[in-house]
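# Summary of the model geometry
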Amino acid sequence: MEKLNYIIDENNVGLRIDIFLSYNSTLSRSKIQKLIADGHVLVNGEKTRANYRLELNDEINLEYIIEVPMDIHPVKMDLDIIYEDDDLIVINKPKGLVVHPGSGNFDNTLVHGLLYHCNSLSNSDDPTRPGIVHRIDKDTSGLLVCAKNDYAHAFLSEQLKDKTCFRKYYAIVNGVIEHDEGEINAPIGRDHNNRQNMTVTSLNSKNAITLFKVLKRFDDSTLLDVELLTGRTHQIRVHMKYINHPVLNDAKYSRKVLDDSGQYLHAYYLSFVHPKTLERMSFSTDMPAYMIEYINMKEGK
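Below: a short report on this structure. (Residues numbered from 1 in each chain as written. Predicted model: local features only at pLDDT ≥ 70, side-chain atom pairs only at ≥ 80, totals over all residues. Heavy atoms only, no water.)

## Examining the state of the cysteines
- A complete count under the given rule lists 0 disulfides for this structure.
- The closest cysteine sulfur to the non-disulfide-bonded Cys165 is located on Cys146, 12 Å from its own sulfur. (Disulfide = S-S within 2.5 Å.)

## Some points on the packing of aromatic side chains
- Evaluated as defined, the whole model comprises 9 aromatic pairs.
- Between Tyr264 and Tyr290 the ring centres are 5.3 Å apart and the planes differ by 90°, which places this aromatic pair in the edge-to-face class. Of this pair, Tyr264 sits in the loop between helix H5 (235–242) and strand E14 (265–273) while Tyr290 sits in helix H6 (residues 289–298), and the two are 26 residues apart along the sequence. Take Tyr264 and Tyr290: they sit in the same class, and that class is buried.
- Grouping aromatic residues by their ring pairs yields a cluster made of Phe218, Tyr264, Tyr290 and Tyr294.
- Lying across the ring of Tyr290, Lys95 places its NZ or CZ 4.1 Å from the centre.
- Over the ring of Tyr269 we find Lys168; its NZ or CZ atom is 5.4 Å from the centre of that ring. (Phe/Tyr/Trp six-rings, centres within 6.5 Å; stacked < 30°, edge-to-face > 60°. Helix = DSSP H or I, 4+ residues; strand = E, 2+ residues; numbered from the N terminus. Buried < 20%, exposed > 50% of the residue type's maximum accessible area, 1.4 Å probe, protein only. Lys NZ or Arg CZ within 6 Å of the ring centre and 35° of its normal.)

## Topic: the pairing of strand E4 (residues 59–64)
- Side chains Ile60, Leu62 and Tyr64 project from E4 onto a buried face, and the interleaved Glu59, Asn61 and Glu63 project onto a face without burial.
- Pairing of strand E1 (residues 2–7) with E4 involves 6 bridges; the strand directions are antiparallel. Following the sheet pairing, Glu2 is matched in E4 by Tyr64.
- Here strand E2 (residues 41–43) runs beside E4; their pairing, made up of 3 bridges, is antiparallel. Looking across to E4, one finds that Leu42 is bridged to Asn61. (Pairing = 2+ DSSP bridges.)

## Section: the pattern of salt bridges
- Summed over all chains, the structure comprises 13 salt bridges.
- Here Arg29 and Asp18 are joined by a salt bridge, their closest N and O atoms 3.1 Å apart. In this pair, Arg29 is assigned in helix H2 (residues 29–37) and Asp18 in helix H1 (residues 17–23), connecting sequence segments 11 residues apart.
- Note on Arg29: relative accessible area 37%, which makes it partly exposed.
- Across the salt bridge formed by Arg217 and Asp180, the nearest N and O atoms sit 2.8 Å from each other. You can see Arg217 sitting in strand E12 (residues 209–217) and its partner Asp180 sitting in the loop between strand E8 (166–174) and strand E9 (181–185), a full 37 residues away along the chain.
- What emerges from the salt-bridge pattern is a single network uniting Arg135, Asp137, Arg237 and Asp250. (Salt bridge = Lys/Arg side-chain N within 4 Å of Asp/Glu carboxyl O.)

## As for the side chain of Arg190
- Looking at where Arg190 falls in the secondary structure, it is placed in strand E10 (residues 188–191).
- Excluding residues that lie within four positions of it along the chain, Arg190 makes contacts with Tyr23, Asn24, Ser25, Thr26, Arg195, Gln196, Asn197, Met198, Thr199 and Thr201. (Contact = heavy atoms within 4.5 Å.)

## Brief notes about the nonpolar core
- Counting residues in hydrophobic clusters, the biggest one holds 31 residues, and the most contacted among them are Leu110, Leu114, Tyr169, Leu224, Ile236 and Met240.
- Elements with a contribution of two residues or more to this core: strand E6 (88–93), helix H3 (110–117), strand E7 (141–147), E8, E12, strand E13 (221–228), H5 and E14.
- Residues in contact with Tyr169, not counting those within four places in the same chain, are Ile136, Thr140, Leu224, Asp225, Val226, Leu228, Ile236, Leu265, His266, Ala267 and Tyr268. (Core = buried A, V, L, I, M, F, W, Y, C linked by side-chain atoms within 4.5 Å.)

This is the structure we're talking about:
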């Protein structure tokens, strides 16, 4: 079950609710109109109509079931397991692997592989995401932790909320960044011009903070060490575009694309407190081959 909540600000007063929700979700306008008719959209706790005009401080609640096949079956995969115990498993996800079933990706996701490997996974409000505490994009590689039981899931999720789970990335971005380090503090929300994209915006957005340090500079690109202080959808990719240094090869947020292999972004470091032992655990991975090859090419090796 997907749950979305909004508070209407002065920029959206007078807009039809079905149009507003189509701008601020991945759902089509016709799908939203059906959800409204079926009573799955509430305004200030009451059912509404598709032509309702929004008023200042209206509270909108939308619930819907993600329409994907429910018979997720185990699939044998060669998982790169960094650590595993009775409560959790840490995976080094390769570029190109989708984390969980969703629109257009119903088979051969990480969830399918986890179901084959693990005796149990935590339950989720969304039946397509058993064990998934957090996710990384299909074409982003690197570390993520998955939960084998509900207690571990809740414990790890709380650390994401209170920012005691630490995540760092290697990113190669377009252009040469002059500053040795920086902080990007800019709210992220859905792009009104393209509902599949996120953008820096003040409209129905959430705060987002990204820190970066320059590791190497090349003639037309820069290798960064990036740390997330918040966890918004596409955060690094959106923030790098915002400062005019989009992630290299990012077809969604950059005009400069080398091939169809996806963005040069790798989650190399992950640290959290174990739900049972209460000890802090930290994991790291080497830079992936696709990044090393690019760097060697730039350095003439």
